[in-house]
Amino acid sequence: MNAVETRLAELGIALPTPAAPIANYVPCVITGNLLIVSGQLCFGLDGKLSDAHKGKLGVEIFNEAGLEAARLCAINVLAQAKAALNGDLGRIQRCVRLGGFINAAPNFAALPAIMNGASDFMVEVLGDKGRHARSTIGVAQLPADAAVEVEAIFEIA
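Report on the accompanying structure. (Residues numbered from 1 in each chain as written. Predicted model: local features only at pLDDT ≥ 70, side-chain atom pairs only at ≥ 80, totals over all residues. Heavy atoms only, no water.)

Such a bond, covalent and formed between the sulfur atoms of two cysteines, is termed a disulfide. Within the structure shown, the criterion is met by zero disulfides. The structure places no disulfide on Cys73, whose sulfur is separated from the nearest cysteine sulfur, that of Cys42, by 4.7 Å. (Disulfide = S-S within 2.5 Å.)

On to the pairing of strand S3 (residues 92–103), then. Taken together, the nine bridges between S3 and strand S5 (residues 148–156) define a ladder with antiparallel strand orientation. In the sheet register, Ile102 faces S5, and the bridge partner there is Val148. Strand direction decides the pairing type here: S3 and strand S4 (residues 133–139), joined by seven bridges, are parallel. Within the sheet, the bridge partner assigned to Arg97 lies in S4 and is Ala133. Where the polypeptide runs from S3 across helix H3 (residues 111–126) and back to S4, its parallel neighbour, the crossover connection is right-handed. (Pairing = 2+ DSSP bridges. Helix = DSSP H or I, 4+ residues; strand = E, 2+ residues; numbered from the N terminus. Right-handed = clockwise from strand over helix to strand, strands pointing away.)

It is worth stressing that arrangement in space is one thing and function is another; only the former is reported here.
Given below as structure tokens:
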């Protein structure tokens, strides 16, 4: 078991089965030493989107549920990475970038705080290799009315 798998086990986190794409794209692309993971929604371990993670931040749901949603997205990002890397998360050298999309009311200003749910998870699991560049934007709508979507770029060996 590599260090990433060991850390996930210590945290009691089992990665879910990666979600299949819902449109005309692939879940991951490897080019050179980069693994690009398409945007992942906040599906739970059961592969479903909980009502607690649907809707707009600042209207139907609020910060705690938003943080949980961002963390679930990051868990799903790692699940996709594991599948793309033939089960070997030890190949991850660094999380280079996370991109966060927050389904938010126009006046909701806590976008960066919500995205910390994903960022904190990457650092918690990958340590210093999880420190990354990041963009976070508020959007009018996300697929399946998800509260959060997160995409990632990893450097791999």
